[in-house]
Amino acid sequence: MTTPLEMARDRFDPSPALREVAARPGLPRITSLFGPARLAVRHEDVRTVYGNSVEFSNGIQSRLQGTEDVGFILGYDPPAHTRLRRMLTPEFTLRRMRAMRPRVVEIVDSALSAMAAAGPGVDLVAEFALPVPSLVICELLGVPYEDRATFQRLTSRQLDFAVPLAERTQAGEEMGQYLAGLVERHMRAPGEDVIGTLITLHGDDLSFAELVGLANMLLIAGHETTSNMLGLGSLLLLENPAQLALLRDDPDVVEGGIEELLRYLSVVHFGVPREVVTDLTVGGTALTAGELVLCSIILANRDPALVPDADRFDVTRKPMPHLAFGHGIHHCVGAPLARLEMSVAFPALLRRFPGLRLAVPSAEIEFRTTSPVYGVQALPVAW
């Protein structure tokens, strides 16, 4: 398939065609993956759209996917969204993430040991970037890790727009069936994981479909986004050895360095499409009720108004309010978990393998050009 404009990249950067659109005033018209749309490209405009859940609706996402009644929280507007979000938020507090840190360290160290035993000459994605967040989210949710091949395969099919729609739909249905069985088992014997806790604390307030939908969203988002950040971020660091050394050797750089990786890479292209509810003006552009608006996160995070020299990757840069996790009521609930995983994984990887290098020429690395979450297909490395 031809890569839609809103997903077009030039390795780590927005594509020239996308940059050309960004140079236009206001919210330019584009032909998107979802049909005619407006594209918000500036940081201020994206924050405006994401921050206004009254005049911009997420409901179109559920209609596009046929998931209006299956607990797909990203496709909900208030008050339904508010109710579900309130139940989820306590499971991803900073306090809970701090308590999880020792276990994340163990998972990372174990993956690195397995990688060392298998290499050199391994695929960093298959051996490290994908297993780490997959095991973390499995343990957090209460999903058997031995089922990872199933949910990773189904997720990959669902998120690949090059796959025919019927096959993506079938993958989504199979994932729903798998998670329905999992939720049923949890309902019989709820544990202390997130699914079990939701059942114990909110079982009377959540429908079965909502429980399955929440589990689906958390499982997919919980491993897909972080794994692509680890893979793509590792490639970026390997191509910028001075930045790699700073992140590896200076603990004071890690927190800000992770924020810079998030800003610079912006692996989620555009988040959830928004539908204009009522006529209004954003960024000098008059929008009409019914219009679709996509928000280019990579362009917003490279906006010169947000950060000077925005196309330069600098792990020592002072963190700024980037939009890699979105903004407003749909700001990623798992952001603290993703930050925790990356802050542990990147330095540990670079310290364990100080001679880490690409095992193939950089030009041979293939990127995920047909997925809403950007990344690399594989990353052969040696040391």
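Calculation rules
Residues numbered from 1 in each chain as written. Predicted model: local features only at pLDDT ≥ 70, side-chain atom pairs only at ≥ 80, totals over all residues. Heavy atoms only, no water. Helix = DSSP H or I, 4+ residues; strand = E, 2+ residues; numbered from the N terminus. Rg over C-alpha atoms; globule rule 2.2 N^0.38 Å. Buried < 20%, exposed > 50% of the residue type's maximum accessible area, 1.4 Å probe, protein only. Contact = heavy atoms within 4.5 Å. Pairing = 2+ DSSP bridges. Core = buried A, V, L, I, M, F, W, Y, C linked by side-chain atoms within 4.5 Å. Axes fitted to C-alpha atoms, helices over the stretch in contact; angles between N-to-C directions. Left-handed = near helix turned anticlockwise from the far one by under 90°. Nonpolar A, V, L, I, M, F, W, Y, C, P; charged D, E, K, R; others polar. Salt bridge = Lys/Arg side-chain N within 4 Å of Asp/Glu carboxyl O. Phe/Tyr/Trp six-rings, centres within 6.5 Å; stacked < 30°, edge-to-face > 60°. Lys NZ or Arg CZ within 6 Å of the ring centre and 35° of its normal. Lys, Arg positive; Asp, Glu negative; His and termini not counted. Arc of directions from axis to C-beta.

- With an unreviewed UniProt entry as reference, the protein chain is termed Cytochrome P450, source organism Kutzneria kofuensis.

### Notes on the overall build of the protein chain
Next up, step 1: For the protein chain, the count of helices and strands is 15 helices and twelve strands.
Next up, step 2: For a compact globule of 383 residues, the expected C-alpha radius of gyration is about 21 Å, and the protein chain comes in at 20 Å, within 12% of that figure.
Next up, step 3: Counting only C-alpha atoms and orienting by the principal axes, one finds that the protein chain spans roughly 55 × 55 × 40 Å.
Next up, step 4: Every one of the 383 residues in the protein chain was classed for burial, and the buried ones make up 55%.
Next up, step 5: Taking contacts inside the protein chain between residues at least 6 apart in sequence as the whole, the part at least 24 apart equals 71%.

### Some details on the pairing of strand 10 (residues 292-295)
Next up, step 1: Where burial is concerned, the two faces of strand 10 agree: the one with Leu 292 and Leu 294 and the one with Val 293 and Cys 295 are both buried.
Next up, step 2: The pairing of strand 4 (residues 35-40) with strand 10 spans three bridges and is parallel. From the neighbouring strand, Ala 40 faces strand 10, where its bridge partner is Cys 295.
Next up, step 3: By the bridge criterion, two bridges tie strand 7 (residues 274-276) to strand 10 in an arrangement that is antiparallel. For Arg 274, the partnering residue across the bridge sits in strand 10 and is Val 293.

### A word on the nonpolar core
Next up, step 1: If you look at the biggest cluster of nonpolar residues, it comprises 93 residues, and the most contacted ones within it are Val 108, Met 115, Phe 128, Leu 261 and Leu 265.
Next up, step 2: Counting residues per element, this core draws most heavily on helix 11 (residues 208-238), which supplies 15 residues.
Next up, step 3: If we skip the residues at most four places from it in the chain, Met 115 touches Val 122, Leu 124, Glu 127, Phe 128, Leu 349, Phe 353, Leu 356, Val 381 and Trp 383.
Next up, step 4: Counting 15 residues, the second-largest nonpolar core is a separate cluster that includes Phe 56, Val 276, Val 293 and Ile 297.

### Some details on the packing of helix 8 (residues 148-158) against helix 9 (residues 165-188)
Next up, step 1: It is at 8 Å that the axes of helix 8 and helix 9 come closest, and there the two elements cross at 145°. Crossing of helix 8 over helix 9 shows left-handed handedness. Along the contact surface, helix 8 presents Phe 151, Arg 153, Leu 154, Thr 155, Arg 157 and Gln 158, while helix 9 presents Glu 167, Arg 168, Ala 171, Gly 172, Glu 174 and Met 175.
Next up, step 2: Residues of the contact of helix 8 with helix 9, tallied by class, amount to four nonpolar, three polar and five charged.

### Comments concerning the sheet that holds strand 10
Next up, step 1: In space, the five strands of this open sheet follow the order 3-4-10-7-5, with mixed pairing throughout. Both edges of this open sheet fall to strand 3 (29-32) and strand 5 (56-57), since each of them pairs with a single strand only.
Next up, step 2: By the bridge criterion, two bridges tie strand 5 to strand 7 in an arrangement that is antiparallel. From the neighbouring strand, Phe 56 faces strand 7, where its bridge partner is Val 276.
Next up, step 3: On the sheet, helix 2 (residues 43-50) packs against strand 4, strand 5, strand 7 and strand 10 and is oriented at approximately 125° with respect to strand 10.

### Let's talk about the pattern of salt bridges
Next up, step 1: Scanning the entire structure with this criterion turns up 19 salt bridges.
Next up, step 2: Shared partners join several salt bridges into a network, and the residues in it are Asp 13, Arg 19, Arg 302 and Asp 311.

### Quick look at the sheet that holds strand 11 (residues 357-358)
Next up, step 1: Reading across from one edge, 6-12-11 is the order of the three strands in this open sheet, with antiparallel pairing throughout. Edge positions in the open sheet fall to strand 6 (122-123) and strand 11, since each of these has one partner strand only.
Next up, step 2: In this structure, strand 6 lies alongside strand 12 (residues 380-382), joined through two bridges in antiparallel fashion. Counted as the bridge partner of Val 122 is Val 381 from strand 12.

### Regarding the packing of aromatic side chains
Next up, step 1: Applying the stated criterion across every chain, the model contains five aromatic pairs.
Next up, step 2: Counting every residue linked through ring pairs, the aromatic cluster contains Phe 12, Phe 367 and Tyr 374.
Next up, step 3: Sitting over the ring of Tyr 145, Arg 148 keeps its end group 4.1 Å from the ring centre.
Next up, step 4: Arg 302 extends its terminal NZ or CZ atom over the ring of Tyr 264, reaching a point 3.9 Å from the ring centre.

### Observations concerning the pairing of strand 3
On any regular strand, side chains alternate: one points to one face of the sheet, the next to the other face.
Next up, step 1: Of the two faces of strand 3, only one is covered, namely that formed by Ile 30 and Ser 32; the face formed by Arg 29 and Thr 31 stays uncovered.
Next up, step 2: Examined bridge by bridge, strand 3 and strand 4 share four bridges and lie antiparallel to one another. Following the sheet pairing, Ile 30 is matched in strand 4 by Ala 37.
Next up, step 3: Hairpin connection from strand 3 to strand 4: two residues lie between these consecutive antiparallel strands.

### Considerations on the side chain of Glu 341
Next up, step 1: Checked against the element boundaries, Glu 341 lands in helix 15 (residues 335-352).
Next up, step 2: One buried charged residue, Glu 341, remains without a salt bridge, the closest side chain of opposite sign being Arg 103 at 11 Å.
Next up, step 3: For Glu 341, the residues in contact, after removing those within four places along its chain, are Val 104, Val 132, Pro 133, Val 136, Gly 222 and Thr 226.

### Remarks on the side chain of His 81
Next up, step 1: Note on placement: His 81 falls in helix 4 (residues 80-88).
Next up, step 2: Each residue touching His 81, except ones within four places of it in the same chain, is listed here: Ile 73, Tyr 76, Ile 329 and His 330.

### Some words on helix 4
An α-helix turns once per 3.6 residues; consequently, residues spaced three or four apart project the same way.
Next up, step 1: Of the positions making up helix 4, those classed as buried are His 81, Leu 84, Met 87 and Leu 88. Relative to the axis of helix 4, the buried residues are bounded by an arc of 135° and lie together on one face.
Next up, step 2: Buried residues along helix 4 sit against helix 10 (194-202) and helix 11.

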